[in-house]
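Analysis of the macromolecular model
The chain contents come next:
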Amino acid sequence: MQFEIQNIQKRFGRKQVLNGVSLAADPGTCVGIVGKNGSGKSTLLSILAGILKPDGGKVTWGGDDLLSSPKKLADAIGYVPQGTPLFEELTALDNLRLWYAGKSRDLAQDLKDGVPAMLDIPSFLHVPVRQMSGGMKKRLSISCAMAHRPPVLLLDEPSAALDLSAKAAIHAYFREFTRQGGILLLSTHDAPEFELCDKLYLLKDGALTPYAYDGDLPSLVARM
Amino acid sequence: MMKLRWQYLKTQIHRMLMRFPVLFLVTILLLGAICGLAWAQFTAGKDEEDFQSLARQKVSVAVVGDTSESYLGIGIYAVEHMDSSRFSVNFIDCTEEEARAMLEAEEVEAYLLIPEGFLDAVTTAENKPVTLVIGGNQGGIGVELVRELADMVSRVLTSSQTAIYTLVDVEANYGRNAYDSKDVTQINLRYFDVILSREEMYQKETVESVRTLSRIEYYACAGVVLFLLLWGLNGTLLLTKRDFSLPKLIRTRGVGAVSQVTAELFAYSLVLLLCLALCVGGLLFGLSKAGVSFSLPGPSESAPSFLLGLFPLVFSMAALQYFLCQLSDNPIVTLLVTLLVSLVLGYLSGCFYFLSYFPKEVQELQVYLPTGMQVNLLQSAFLEKDAAFCIKGLTGYTFLFWLCSVLIRGYRLKK
């Protein structure tokens with residue numbers, strides 16, 4: 001099944017942020033979107049996650065129009081935003097319980113061999129979020145987003161402000177996710193993350209352009 | 001989707017309970033401050049008379065005339081110490097120049113000019129009127145009280161004159177021996193009845209609640225509402241959101257603005273109720289240990305039924321505070337807004353001063369303010385009055401604040 005975005009349009013006031021954005025991703029692929037701040041990366045991911053409504057365009061998964069069916073969209077997509085979508089006062093376990101609502105057996109199992117286990121959540125299961133490092137919070141956010149086992153995972157700058165070991169842990173999970181047939185769509189500014197991506201797109205002036213990263217960062221910056 | 005909504009509610013309750021120790025500590029400090037204020041009020045007034053005079057300031061009236069004349073002096077002393085006037089009138093003996101100066105300086109409401117030989121004129125039925133001088137710019141209840149006083153003095157004098165002339169008639173017709181008759185005794189008794197029916201001298205009409213509630217009841221009502229208002233400062237800690245990632249994300253899973261606001265408001269109300277229950281329990285325990293007699297209002301006078309009766313009050317207060325915390329994503333802004341709104345509403349609802357001190361317009365407005373209804377709901381519990389208006393009003397306010405909060409949350413989720 002293919003994940004496809006067709007001709008997405010979005011305008012904020014007079015500014016046309018997205019102007020006919022289209023792309024397609026097959027299972028087991030990682031797609032990266034680069035672009036300077038304010039280019040519309042987060043807007044695009046918010047639309048794909050169902051947070052924002054586009055002015056036009058379609059998002060399909062296996063032929064189904066996800067934008068016209070919030071239930072199908074919620075089932076198909078997991079989203080990790082830039083912020084911290086966690087309850088700061090509560091522990092990792094309490095936060096996971098919210099997203100595993102009514103599925104406590106699944107949670108117990110996943111803590112043994114699922115996504116939380118892969119991201120080493122059990123090592124800080126009872127730590128309150130406000131006492132966690134940035135890497136812990138990001139790993140927990142990914143675990144929460146994956147609670148309903150979506151085939152498509154969207155991540156908005158997942159490794160921003162993380163240390164090297166946290167990045168390595170998260171990247172290892174991304175590789176495993178795509179190896180198992182998942183589709184990863186991430187926005188990033190981080191050059192090492194480009195290597196994870198099977199396809200890279202440059203978002204500029206509201207449109208996506210395929211881009212092949214060759215290690216020449218100054219050239220990329222000039223094109224942005 | 002229902003499971004996620006239910007889990008969101010449980011998580012919100014859990015989240016707020018996690019902050020409970022800090023909140024409770026703040027609550028105890030607030031309660032201590034309020035108790036301190038109440039104690040200062042109690043000890044400032046020595047007895048119920050002082051409390052009454054707090055609610056009704058005395059009217060000062062100057063008296064110009066020879067008060068050294070024994071009968072006139074006794075008359076003024078009697079009026080000054082009558083039950084109906086001793087809390088309301090203060091006579092000042094002075095010259096006419098001094099009285100005029102005080103009237104111009106608005107230190108007295110009016111002055112009475114008693115002509116020389118006034119008592120002789122009374123006994124000989126000459127017309128030597130007492131002049132009542134009132135400032136041209138003055139009005140209001142003080143002046144009305146002075147007019148009442150003048151009417152009362154006239155009535156005393158005409159009754160005295162009637163008695164004197166009746167006795168003169170009796171003497172003329174039956175001789176001095178007639179003073180020994182039972183008829184004269186009857187006349188004297190009727191005269192005393194007329195003159196000494198002191199409670200009927202003023203027509204009294206109580207319009208403010210302080211006259212119908214005891215001090216401790218009044219301060220209990222004001223204190224509870226003030227406590228709940230100030231507790232709202234805790235709300236800024238619990239309810240102000242800087243990061244909307246989670247609400248936005250959970251909305252995509254079917255928990256929209258209505259469900260989010262309802263769950264958060266319900267959880268906040270429960271924590272507020274829990275804090276109040278602990279404080280009421282603690283206070284009752286403390287009062288019983290101190291040997292102070294105090295019974296909770298309501299048919300059963302029990303703490304659970306009292307708290308049950310407070311539901312409309314607690315939920316409306318929680319809804320107000322929740323709404324205020326939705327106005328900004330900056331905790332400092334919401335803290336200041338909550339503090340300002342709490343102080344203004346508390347002030348206008350009689351939590352700091354008696355309502356009778358305020359203009360009539362404010363007193364009328366208080367009835368329709370959410371905090372005014374909350375105070376009135378509590379007072380009606382003590383007075384065993386019907387509180388349907390307050391309950392309906394508070395339910396309406398709860399719905400209104402909930403609706404406004406839903407609209408704000410909906411707008412923010414779509415931003």
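All of the points below concern the structure found in this document. Here the residue index of a chain counts from 1 through its sequence in written order. Here the convention is simple: chains get letters from A, ligands get numbers from 1, in the order in which they are written. Side-chain atom pairs in this predicted model are given and counted only at pLDDT of 80 or more, local residue features only at pLDDT of at least 70, and totals for whole chains, interfaces and linings cover all residues. Note that the side-chain values use all heavy atoms of the structure and ignore hydrogens as well as water.

**Details of helix H3 (residues 92–99) of chain A**
Cut-off, in case you're wondering: Working definition: with a 1.4 Å probe on protein chains only, accessible area under 20% of the residue-type maximum means buried, over 50% means exposed, and in between means partly exposed. The helix count covers DSSP runs of H or I at least four residues long, the strand count covers runs of E at least two residues long, and both are numbered beginning at the N terminus. Throughout, a residue-residue contact means that at least one pair of heavy atoms, one from each residue, lies within 4.5 Å.
The element H3(A) is largely enclosed, with a buried count of seven among its eight residues. For H3(A), every residue scored as buried is listed here: A:Ala92, A:Leu93, A:Asp94, A:Asn95, A:Leu96, A:Leu98 and A:Trp99. Looking at the buried residues of H3(A), the elements they touch are helix H4 (104–113) and helix H6 (134–145) of chain A together with helix H1 (2–18) and helix H10 (245–251) of chain B.

**Concerning the sheet that holds strand S10 (residues 207–210) of chain A**
Residues and elements named next belong to chain A. We count it as follows: Paired strands, as defined in this entry, are two strands with at least two bridges between them according to DSSP. Orientation is described by lines fitted to C-alpha atoms, with helices fitted over the stretch in contact, and by angles between N-to-C directions that extend from 0 to 180 degrees.
The strand order across the open sheet built from six strands is S6-S7-S8-S3-S9-S10, with neighbouring strands paired in mixed fashion. On the outer flanks of this sheet lie strand S6 (77–80) and S10, each paired with one strand and no other. In this sheet, adjacent strand axes meet at a mean angle of 20° when their direction is disregarded. Sheet topology note: the strand S3 (residues 30–34)/strand S8 (residues 183–187) ladder contains four bridges and is parallel. Along S8, the bridge assignment pairs Val 31 with Leu 185. Contacts from helix H1 (residues 41–49) reach S3, S6, strand S7 (152–156), S8 and strand S9 (199–204), with the element oriented near 150° to S7.

**Overview of unusual backbone geometry**
Residues and elements named next belong to chain A. Here the phi dihedral of Asp 120 falls at roughly 60°; this positive angle occurs in a residue that is not glycine. Within the element layout of this structure, Asp 120 appears in the loop between helix H5 (115–118) and H6. A relative accessible area of 39% places Asp 120 in the partly exposed class. Of note in this structure, Arg 149 is not a glycine but carries a positive phi near 55°. Along the polypeptide, Arg 149 turns up in the loop between H6 and S7.

**Focus: the side chain of A:Thr188**
Residue and element names in this part refer to chain A. Stated precisely, the cut-off is as follows: Side-chain atoms alone can form a polar contact between residues adjacent in sequence; in general such a contact is a pair of N or O atoms within 3.5 Å, and within protein one must be able to donate a hydrogen while the other accepts it.
By the element assignment, Thr 188 lies in the loop between S8 and helix H8 (191–194). Here Glu 193 takes part through its side chain, which lies 2.6 Å from a polar atom of the side chain of Thr 188. Residues contacting Thr 188, with those up to four places away along its chain left out, are Ile 33, Val 34, Glu 157, Glu 193 and Phe 194.

**Observations regarding the interface of chain A and chain B**
Filter applied, for reference: Computed with a 1.4 Å rolling probe, the buried area is the accessible surface lost when two parts are put together, summed over both parts. Any carboxyl oxygen of Asp or Glu within 4 Å of a side-chain nitrogen of Lys or Arg constitutes a salt bridge here.
Taken together, the 21 residues of chain A in the interface contact 22 residues of chain B. Here chain A and chain B share an interface that buries about 2,100 Å² over both sides, 69% of which is from carbon and sulfur atoms. Of all residues in chain A, the largest losses of buried area upon contact with chain B belong to A:Ile51, A:Glu89 and A:Trp99, amounting jointly to 30% of the total for that side. The interface formed by chain A and chain B holds two salt bridges in total. Here chain A and chain B share four residue pairs in polar contact (both at pLDDT 80 or more) between them. Top contributing element to the side of chain A that touches chain B by residue count: H3(A), with four residues.

**Some details on the side chain of B:Arg409**
Residue and element names in this part refer to chain B. Along the chain, the position of Arg 409 falls in helix H17 (residues 388–414). The class for Arg 409 is buried, based on a relative accessible area of 0%. Side chain to side chain, Arg 409 and Gln 260 meet in a polar contact 2.8 Å long. Every residue in contact with Arg 409, bar those within four places of it in the chain, is listed here: Lys 241, Phe 244, Pro 247, Ala 257, Gln 260, Val 261, Glu 264, Tyr 322 and Gln 326.

**Brief notes about the environment of B:Leu228**
Residues and elements named next belong to chain B. The residue Leu 228 is located in helix H9 (residues 215–239) in this model. On the basis of relative accessible area, Leu 228 is assigned to the buried category, the value being 0%. Not counting residues up to four positions away in its chain, the partners in contact with Leu 228 are Leu 272, Leu 276, Leu 313, Met 317 and Gln 321.

**A closer look at the packing of helix H13 (residues 311–326) of chain B against H17(B)**
All names here are of chain B. The line we're drawing: Oblique is the label for any angle not covered by the other classes, which are roughly parallel (under 35 degrees), roughly antiparallel (over 145) and roughly perpendicular (65 to 115). Here a crossing is called left-handed whenever its near helix is offset anticlockwise from the far helix by less than a right angle, and right-handed whenever the offset is clockwise. In this classification, Asp, Glu, Lys and Arg are treated as charged, Ala, Val, Leu, Ile, Met, Phe, Trp, Tyr, Cys and Pro as nonpolar, and every other residue, Gly included, as polar.
H17 packs onto H13 with a crossing angle of 25° between their chain directions and a minimal axis gap of 8 Å. In this view, H13 runs roughly parallel relative to H17, as classed from their interaxial angle. Taken as a pair, H13 and H17 cross one another with a handedness that is left-handed. Seen from H13, the contacting residues are Pro 312, Leu 313, Phe 315, Ser 316, Ala 319, Leu 320, Tyr 322, Phe 323 and Gln 326; seen from H17, they are Ile 391, Leu 394, Thr 398, Phe 401, Cys 404, Ser 405, Ile 408, Arg 409 and Arg 412. Partitioned by chemical class, the residues of the contact of H13 with H17 number 12 nonpolar, four polar and two charged.

**Notes on the pairing of S6(A)**
All names here are of chain A. Burial along S6 is two-sided: the face carrying Ile 77 and Tyr 79 and the face carrying Gly 78 and Val 80 are both buried. By the bridge criterion, four bridges tie S6 to S7 in an arrangement that is parallel. Paired with Gly 78 across the two strands is Leu 153, which belongs to S7.

**Focus: a positive patch on the surface**
To keep things clear, this is the line we draw: Here a patch means residues that are over 30% exposed by relative accessible area and free of salt bridges, tied together within 9 Å if like-charged and within 5 Å if nonpolar (Val, Leu, Ile, Met, Phe, Trp, Tyr). Using a 1.4 Å probe, the Shrake-Rupley method yields the accessible areas, and only the shown protein chains count as cover for residues. The sign given to each residue is positive for Lys and Arg and negative for Asp and Glu; His and the chain ends receive no count. Every charge is mapped to an atom, namely NZ of Lys, CZ of Arg, CG of Asp or CD of Glu.
On the surface, a cluster of positive charge is made up of A:Lys15, A:Lys36, A:Lys204 and A:Arg223. Classification of A:Lys204 by relative accessible area gives partly exposed; the value is 36%.

**Considerations on the packing of aromatic side chains**
We count it as follows: Stacked, edge-to-face and tilted labels apply to pairs of Phe, Tyr and Trp rings (six-membered ring for Trp) whose centres lie within 6.5 Å, assigned for plane angles under 30 degrees, over 60, and everything in between, in that order.
If you walk through the whole model with that rule in mind, you get 11 aromatic pairs over all chains. A ring pair is formed by B:Phe311 and B:Phe315, whose centres lie 5.7 Å apart and whose planes are at 65°; its orientation type is edge-to-face. With a gap of four residues between them, B:Phe311 and B:Phe315 both fall in helix H13, about one helical turn apart. Accessibility expressed as a relative area gives 22% for B:Phe315, which makes it partly exposed. Of the aromatic side chains, those joined through ring pairs into one cluster are A:Tyr173, A:Phe174 and A:Phe177.

**Side note on the pattern of salt bridges**
Residue and element names in this part refer to chain B. Per the stated rule, a full pass over the model turns up 12 salt bridges over all chains. The residue Glu 96 makes a salt bridge to Arg 100 at a minimum N-O spacing of 3.2 Å. Residue Glu 96 and its partner Arg 100 are located together in helix H5 (residues 96–104), separated by four residues, close to a single helical turn. In this structure, the salt-bridge partner of Lys 241 is Glu 264, at a minimum N-O distance of 3.4 Å.

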